Amino acid sequence: MAGTPMLPPNLVAGGANMEGNAAAAPPTPGTDMTGICFRDQLWLNTYPLDRNLVFDYFALSPFYDYTCNNEQLRMRSIHPLDISHLSKMTGIEFMVSEVMEPHLFVMRKQKRDGPEKVTPMLTYYVLDGSIYQAPQLCNVFSARVGRALYYISKAFTTAASKLEKVGYVDSEDDSTSHEPKAAKETIDFKEVKRVDHILASLQRKLPAAPPPPPFPEGYTPPSTAEGEQGPETEQADPSVDPILDQGPAKRTKYA
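Remember, it's a predicted structure, so these values are computed and weren't measured experimentally.

K.L.:
Tell me about the side chain of R112, and please be specific about residues and values.
P.N.:
With respect to the helices and strands, the residue R112 is situated in strand β3 (residues 104-112). A polar contact of 3.4 Å, which involves the side chain of R112, links it to the backbone oxygen of L86. Polar side-chain contacts of R112 include one of 3.1 Å to the backbone oxygen of G114. Residues contacting R112, with those up to four places away along its chain left out, are I83, L86, S87, M89, T90, G91, E93, K117 and V118.

K.L.:
A description of the pairing of strand β2 (residues 91-100) should follow, citing residues and the corresponding values.
P.N.:
In terms of strand pairing, β2 meets β3 through 9 bridges, oriented antiparallel. Within β3, the residue paired with G91 across the bridge is R112. Remark: 3 residues form the turn of the hairpin made by β2 and β3, two consecutive strands paired antiparallel.

K.L.:
Break down the nonpolar core for me, with residues and values.
P.N.:
L49, Y57, F58 and F94 are the most contacted members of the largest nonpolar core, which has 23 residues in total. Of all the elements in the fold, those that place two or more residues in this core are α1 (41-46), α2 (54-58), β2, β3 and β4 (118-127). Ranked by the residues each element gives to this core, the list is headed by α2, at 4 residues. Discounting residues that sit within four places of it in the chain, Y57 has contacts with F38, R39, D40, W43, L44, L49, V126, G129 and I131.

K.L.:
Kindly report on the side chain of N70, identifying the contributing residues and their values.
P.N.:
The topology assignment puts N70 in helix α3 (residues 69-75). Reaching out from N70, the side chain makes a polar contact with the backbone oxygen of P80 at a distance of 2.6 Å. Discounting chain neighbours no more than four positions away, the residues touching N70 are F55, Y64, P80, L81, L86, E93 and F94.

K.L.:
Lay out the sheet that holds β4 in plain terms, naming residues and giving numbers.
P.N.:
One open sheet holds the 5 strands; their spatial order is β1-β5-β4-β3-β2, and the pairing between them is antiparallel. Both outer strands of the open sheet, β1 (37-38) and β2, are each paired with one neighbouring strand and no more. Strand direction decides the pairing type here: β3 and β4, joined by 9 bridges, are antiparallel. Note that in β4 the partner of R112 across the bridge is V118.

K.L.:
Give a detailed account of the pattern of salt bridges, specifying residues and quantitative values.
P.N.:
By the definition in use, this model includes 5 salt bridges. With a shortest N-O distance of 3.3 Å, E71 and R74 are connected by a salt bridge. Of this pair, E71 and R74 both sit in helix α3, 3 residues apart, roughly one helical turn. Taking the relative accessible area as the measure of exposure, E71 reaches 6% and is therefore buried. On the accessibility criterion, R74 (4% relative accessible area) is buried. If you follow the salt bridges from partner to partner, you end up with D56, E71 and R74 in one network.

K.L.:
Go over the environment of R39 with me, naming the residues and quoting the values.
P.N.:
The residue R39 is located in the loop between β1 and α1 in this model. By relative accessible area, which is 41% here, R39 ends up partly exposed. Setting aside residues no more than four positions away along its own chain, R39 makes contact with L44, Y57, D128, G129 and S130. Only 3.0 Å separates the side chain of R39 from the side chain of Q41, close enough to count as a polar contact.

K.L.:
Could you give me a rundown of a nonpolar patch on the surface, with the residues and numbers involved?
P.N.:
Taken together, the side chains of V195, I198, L199, L202 and L206 make up a nonpolar region of the molecular surface, amounting to roughly 440 Å² of accessible area. Structurally, L199 can be placed in helix α7 (residues 189-205).

K.L.:
Provide a residue-level description of the environment of L81, including the pertinent values.
P.N.:
Looking at the secondary structure, you find L81 in the loop between α3 and α4 (83-86). When the C-alpha positions of L81 and M95 are compared, they lie 6.6 Å apart, and in sequence the two are 14 residues distant. Not counting chain neighbours up to four residues away, the residues in contact with L81 comprise R51, F55, N70, L86, F94, M95 and V96.

K.L.:
So, the packing of aromatic side chains: which residues are in play, and what are the values?
P.N.:
One pass over the structure, following the stated rule, counts 14 aromatic pairs. A network of ring pairs unites the aromatic residues F55, F58, F63, Y64, Y66, F94 and Y124 as a single cluster.

Thresholds, definitions, all that
- Residues numbered from 1 in each chain as written.
- Predicted model: local features only at pLDDT ≥ 70, side-chain atom pairs only at ≥ 80, totals over all residues.
- Heavy atoms only, no water.
- Helix = DSSP H or I, 4+ residues; strand = E, 2+ residues; numbered from the N terminus.
- Polar contact = N/O pair within 3.5 Å; in protein donor to acceptor, adjacent residues only side chain to side chain.
- Contact = heavy atoms within 4.5 Å.
- Pairing = 2+ DSSP bridges.
- Core = buried A, V, L, I, M, F, W, Y, C linked by side-chain atoms within 4.5 Å.
- Buried < 20%, exposed > 50% of the residue type's maximum accessible area, 1.4 Å probe, protein only.
- Salt bridge = Lys/Arg side-chain N within 4 Å of Asp/Glu carboxyl O.
- Patch = residues over 30% accessible without salt bridge, like charges linked within 9 Å, V, L, I, M, F, W, Y side chains within 5 Å.
- Areas by Shrake-Rupley, 256 points an atom, 1.4 Å probe, with all protein chains shown as cover.
- Phe/Tyr/Trp six-rings, centres within 6.5 Å; stacked < 30°, edge-to-face > 60°.

Now the structure itself:
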């Protein structure tokens, strides 16, 4: 860390500028800075980006708060991430929570109220040399819900426009459907003659149906159900002789 800057650009040794007046500290970074990112290609070409130097690189960004406890340790030539010293202090501090060298470093801004009591505030990450502020969870939910509502509203608008077009086409079809129906209901005489010719040729090719076999002598047709018998059904055919139709008479034998 000897070659890395230890103070902000507008501060010099002794806390005074070239005119001898006390230099003003840079403003505290705002809460929502998700719309910007920081990258110093000259620093990346000069120093390796690892867990030992990532904090010095993060201190160059506008996300860094010079009033934090880490800055006080840097002023005392102590490593800014030394937890043995940070745990004895109270106030704002930065910690490296996750490391995937050399691509990803996650920095967490938190408020320390005691050795074991810290309150997370914001999260930053260094991705391939570019520093970003991670959005808060409520902002992520708000953005996702807003996007979902946009697409749902767009889908309903598209469906409504298509339904209007379908209704318009149906009304046009209803107004012009009488003429096509009349045309479809007309009889095609050529088709009728063609069907008659096919049926006639099949009738000539097929043999005639044989006549039904005669009833045997003495046969009587089965009687209908008792419930169906009535005065109308009991009337006999006058053209048939009931005596001859019943077959030979049965004579009583005497002993």
